[in-house]
Amino acid sequence: MKFDKDVYYVGVNDYNIDLFEGQFPVENGMAYNSYVILDEKVAIFDTVDANFIVQWLSNVKNVLNGKQPDYLIIQHVEPDHSSGIKLIIENYPSIKLVVNSKSLVMIENYYGKLPCDKIIVSDGDTLNLGKHNLKFVFAPMIHWPEVMMTYEENSKILFSADAFGKFGTLDTDEDWACEARRYYFGIVGKFGMLVQNLFKKLSNLDINAICPLHGPVLEENLSYYLNLYQIWSSYGIEAKGTAIFYTSVYGNTKKAVDKLNEILTKNGEKTAVFDLIRCDMTEALEDAFKYGKIILATTTYNGDIFPPMHEFITHLTARNYQNRTIGFIENGSWAPTAKKVMQSMLENCKNVKFFENHVSILSGVKEENIEQIKALSNEILSI
């Protein structure tokens with residue numbers, strides 16, 4: 001697929017995958033993107049997952065149409081982008097591998113010593129192809145330490161590695177932001193400060209298109225995508241509303257959650273409610289970062305909290321959860337301590353506030369709990 005003068009897409013769609021990186025459900029599959037620039041010198045950007053390298057090589061050969069590629073640029077060594085390295089070298093022994101020093105070490109850890117010439121680049125280095133001039137922009141921990149991006153100065157294209165990617169094959173008709181948000185907070189969320197540092201590097205570049213390693217090429221309304229990444233990486237609030245996350249053993253905690261949700265929605269509050277025992281945890285995670293207010297509701301369990309809630313809070317703290325207001329609903333048949341446990345897990349998060357009102361249930365929801373729910377809802381609605 002040609003999407004710009006001399007620039008071609010040669011990636012593949014994976015319709016068989018069920019879990020990305022072994023943990024993120026991908027109902028609509030995944031795209032592994034690779035690109036070719038045809039110029040006086042020919043450059044290939046990245047490869048694809050091991051299950052698709054034969055198909056990918058066929059795509060590359062169709063675009064090359066008998067030409068010999070000069071460079072294979074590896075921006076990210078994760079195997080879904082580097083598994084075709086040995087195959088391309090076997091087919092084009094004269095090709096030069098363009099990498100940085102960290103990525104070369106990782107490549108050799110995966111694939112051993114490679115029988116090809118190598119060009120080791122540093123941050124800000126350039127590589128001229130003829131009409132196209134490539135500038136390498138290092139982007140450590142977005143989302144591995146060796147990651148680099150490439151800016152093509154003629155067409156003003158940013159080859160963005162894993163940044164600005166999303167789950168789903170390229171022929172999936174779905175909202176970009178939802179799956180891009182889930183993808184971002186799943187794999188990059190912890191490193192918001194480093195994403196902000198990257199934005200400083202990119203601020204002086206005039207970008208007409210973004211070519212990620214997953215998801216569609218972004219060519220229109222780039223300010224929309226850039227703005228979302230600014231919000232996500234600064235842990236800003238994307239949407240007004242309240243997200244509620246709960247576990248319920250015998251349905252009593254759920255009754256309290258349903259009552260709270262009923263009051264909030266009747267008063268015009270946007271809500272999103274997740275049963276952490278049954279939902280996709282990564283879907284819940286993305287909405288915890290989307291909204292500025294969250295409520296956590298769970299039972300006391302073995303002197304701690306119910307395991308899915310413990311796992312969920314661990315996911316939040318592992319991704320530097322911050323800048324939010326959090327409320328609690330706890331339940332316990334004889335000694336409810338869930339609020340104390342949840343709050344202690346979150347109290348070291350940066351710029352996190354806790355609602356003054358909370359709900360404490362002893363087994364079943366009683367009239368006094370309804371009053372507590374009303375007080376909590378009033379506080380939520382006041383923000």
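Our subject is the structure listed above.
Only a predicted model underlies this, so the values are computations on that prediction, with no experimental measurement involved. (Residues numbered from 1 in each chain as written. Predicted model: local features only at pLDDT ≥ 70, side-chain atom pairs only at ≥ 80, totals over all residues. Heavy atoms only, no water.)

Novice: Explain the packing of aromatic side chains to me, and be specific about the residues and the numbers.
Specialist: In this structure the tally under the stated criterion is 25 aromatic pairs. For the ring pair Tyr 35 and Phe 159, a centre distance of 5.5 Å and an interplane angle of 65° mean the geometry is edge-to-face. In this pair, Tyr 35 sits in strand E7 (residues 35–37) while Phe 159 sits in strand E15 (residues 157–159), placing the two residues 124 residues apart along the sequence. Assigned by exposure class, Tyr 35 and Phe 159 land together as buried. Ring geometry for Tyr 184 and Trp 232: centres 5.7 Å apart, planes at 35°, overall tilted. With Tyr 184 in helix H5 (residues 176–187) and Trp 232 in helix H7 (residues 222–233), the pair connects residues that are 48 residues apart, well separated along the chain. Note on Trp 232: relative accessible area 1%, which makes it buried. Three or more aromatic residues joined by ring pairs form one cluster here, namely Phe 164, Trp 176, Tyr 184, Phe 185, Tyr 224, Tyr 225, Tyr 229, Trp 232, Tyr 235, Phe 289 and Tyr 321. (Phe/Tyr/Trp six-rings, centres within 6.5 Å; stacked < 30°, edge-to-face > 60°. Helix = DSSP H or I, 4+ residues; strand = E, 2+ residues; numbered from the N terminus. Buried < 20%, exposed > 50% of the residue type's maximum accessible area, 1.4 Å probe, protein only.)

Novice: Which residues make up the pattern of salt bridges, and what are the values?
Specialist: Pairing between side chains becomes possible if they bear opposite charge and their charged atoms approach one another. All told, the structure shown has 17 salt bridges when counted by the stated rule. A salt bridge links Lys 201 to Asp 123, with the shortest nitrogen-to-oxygen separation between them at 2.8 Å. With Lys 201 in helix H6 (residues 192–202) and Asp 123 in the loop between strand E11 (118–120) and strand E12 (126–128), this pair connects stretches of sequence that are 78 residues apart. Residue class for Asp 123 comes out partly exposed when judged on its relative accessible area of 40%. Glu 262 serves as the salt-bridge partner of Lys 259, at 3.9 Å between the closest nitrogen and oxygen. Within this pair, Lys 259 and its partner Glu 262 are both found in helix H8 (residues 252–266), separated by 3 residues, close to a single helical turn. (Salt bridge = Lys/Arg side-chain N within 4 Å of Asp/Glu carboxyl O.)

Novice: Outline the nonpolar core, listing residues and values.
Specialist: Burial of nonpolar side chains together is a common tendency in soluble globular proteins. Core analysis: the biggest nonpolar cluster contains 99 residues, and Ile 88, Phe 245, Leu 296 and Phe 312 have the highest contact counts within it. The biggest single contributor to this core is H5, with 7 residues. For Phe 245, the contacting residues outside a window of four places in its chain are Phe 274, Leu 276, Ala 284, Asp 287, Ala 288, Ile 294, Ile 295, Leu 296, Ala 297, Met 309 and Phe 312. (Core = buried A, V, L, I, M, F, W, Y, C linked by side-chain atoms within 4.5 Å. Contact = heavy atoms within 4.5 Å.)

Novice: How would you summarise the sheet that holds strand E16 (residues 209–211) if you had to cite specific residues and measurements?
Specialist: The strands making up a sheet associate through hydrogen bonds between their backbones, and the pairing can be parallel or antiparallel. If you walk across this open sheet you meet the 5 strands as E12-E13-E14-E15-E16, and the pairing is mixed. Each of the sheet's edge strands pairs with one partner strand only, and the pair in question is E12 and E16. The average undirected angle you get between the axes of adjacent strands in this sheet is 20°. Sheet topology note: the E15/E16 ladder contains 3 bridges and is parallel. Residue pairing for E16: Ile 157 is matched across the bridge by Ala 209. Against the sheet, H6 touches strand E13 (133–138), strand E14 (148–152) and E15, its axis set at about 150° to E13. (Pairing = 2+ DSSP bridges. Axes fitted to C-alpha atoms, helices over the stretch in contact; angles between N-to-C directions.)

Novice: Any details on unusual backbone geometry? Residues and values, ideally.
Specialist: Residue Ile 142 is joined to His 143 through a cis peptide bond whose omega torsion reads 10°. Relative to the helices and strands, His 143 resides in the loop between E13 and E14. A positive phi angle is found at Glu 21, which is not glycine, with a value near 55°. Along the polypeptide, Glu 21 turns up in the loop between strand E4 (19–20) and strand E5 (24–25). Given a relative accessible area of 31%, Glu 21 falls into the partly exposed group.

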